[in-house]
Amino acid sequence: MTDPLLSVEDLKTHFHTDDGTVYAVDSVSFDVNPGETVAIVGESGSGKTVTSESITKILDMPPGEIVEGTITFDGMDLTEMSEKQLQDIRGNRISHIFQNPQNGLNPVYKVGRQIGETLRIHRDDLPKAEIRDRVIDLLDRTGIPEASSRVDDYPHEFSGGMKQRVLIAMALACDSDLLIADEPTTALDVTIQAQILQLLEDVQAEYNMSILFVTHDLGVVSEIADRVVVMYAGKVMEKGSVEEVIHNPAHPYTKALIECLPGRGSSMKRIDGALPSVTEPPEGCRFNSRCEHAVSDCSMGDQPQMHAIDGSQTHRASCVYYGPGYDAADLEPPTENSSTSQSERRSNSQSERRSETQRDTRADGGHDA
Ligand SMILES: Nc1ncnc2c1ncn2[C@@H]1O[C@H](COP(=O)(O)OP(=O)(O)OP(=O)(O)O)[C@@H](O)[C@H]1O
Ligand SMILES: [Mg+2]
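These numbers come from a predicted model, not from an experiment.

A.B. asks: I'm lost on the packing of aromatic side chains in this one. Help?
C.D. replies: Each aromatic ring pair is specified by the distance between its two centres and by the angle formed by the two planes. Scanning all chains against the criterion turns up four aromatic pairs. Arranged with centres 5.1 Å apart and planes meeting at 85°, the rings of tyrosine 232 and phenylalanine 287 form a pair that is edge-to-face. Of this pair, tyrosine 232 sits in strand S9 (residues 227–232) while phenylalanine 287 sits in the loop between helix H10 (252–259) and strand S11 (307–308); the two residues are 55 residues apart in sequence, bridging distant segments of the chain. Residue tyrosine 232 is classed as buried on the basis of its relative accessible area of 0%. A relative accessible area of 2% places phenylalanine 287 in the buried class. Connected via pairs of aromatic rings, a cluster forms that spans Tyr232, Tyr253 and Phe287.

A.B. asks: Looking at this model, I keep getting lost on the nonpolar core. Mind explaining?
C.D. replies: Considering soluble globular proteins, one finds that nonpolar side chains tend to be buried as a cluster. Residues Leu6, Phe30, Ile55, Leu178, Leu212 and Val221 are the most contacted members of the largest nonpolar core, which totals 55 residues. With six residues, the single largest contributor to this core is strand S2 (residues 20–32). The residues touching leucine 6, leaving out its near neighbours within four places in the chain, are Phe30, Asp31, Val32, Ile55, Ile71, Thr72, Phe73 and Leu178. Counting residues in each nonpolar core, the second largest holds 38 residues, with Ile115, Leu119, Val151 and Met170 among its members.

About the criteria used
Residues numbered from 1 in each chain as written. Chains lettered and ligands numbered in written order. Predicted model: local features only at pLDDT ≥ 70, side-chain atom pairs only at ≥ 80, totals over all residues. Heavy atoms only, no water. Phe/Tyr/Trp six-rings, centres within 6.5 Å; stacked < 30°, edge-to-face > 60°. Helix = DSSP H or I, 4+ residues; strand = E, 2+ residues; numbered from the N terminus. Buried < 20%, exposed > 50% of the residue type's maximum accessible area, 1.4 Å probe, protein only. Core = buried A, V, L, I, M, F, W, Y, C linked by side-chain atoms within 4.5 Å. Contact = heavy atoms within 4.5 Å.

Here's what the structure looks like:
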């Protein structure tokens, strides 16, 4: 097996604000292999952007701080690198399409010139005479109509969606090893979205590029990704191949997200409740207050550990139901009458187990076995 191109291990990115510490990303781990697309998915505020912007340490400055974790890219530990070394990595080896590209384009230069400049820097194998054609091709492939004339427009002559596509074209012109794309198609209409996803796939195949694709849209995930990381309130709830996570979801949160997809079930569903505070995160599983299967163990200690699902090497979920003493079959949708009694049963049996453990612990002086 080849080594991952990117390996994020136990990443913690916090913000120190007047209202306290924001635990935006708290012990997040995942890998991206060469040539594959990994999607980070989750509701608004779950920590997707903070995770993706921590990779090249853009967020590692006040009020943000990467407090723990390692980020290994092509064998190098980015957390140990100087700002100068990181600048070299950004754009050259890792390109980024930002969710909110405020100043991505220079207003005084023509759009084509800006993409051409990026191509000149990153593709020194490309003959000068071919640069303009390549720029027009990139604009055309991102769905800019009449690309051969629009190439000479200034950014203010483009709509917001068109500027977003120019930024996508610029990121692709970098010919980097890893593209981080944070909601690149969210603001675009569905036809253009499909075109951009196709373009990303084409460029990926052409250059064996890896993509970290950030989105809140599970529908897009199944179209573009090989593997998926499901985040909730700064924690990873589940990860695995798209086949595993979308077709055999394990965590109640992932199951709920999938139920919310249009076209599932008889009516449009939603997940009741709201994301918990990430300034004062709840004990136990961060999803517990909205989980219809929550039992007393779900609100104790830290986020449950990641358990392997069905013996898979890749599919894992952070839910007590996959740990000892539980049966994941109990996560099947409860019937009207059984839900309360099932929780009560669980809660009672867990308290009984705890009292037994306490009795045992007292009996052996409190030492671990
Ligand atoms: N500069 C900052 N200062 C304080 N808190 C921040 C800052 N940036 C992000 N956060 C907080 O970190 C948490 C995660 O934010 P993030 O932007 O990563 O969410 P997201 O999953 O990308 O959401 P969306 O889908 O809306 O883009 C949120 O609670 C957010 O308020
Ligand atoms: Mg975001």
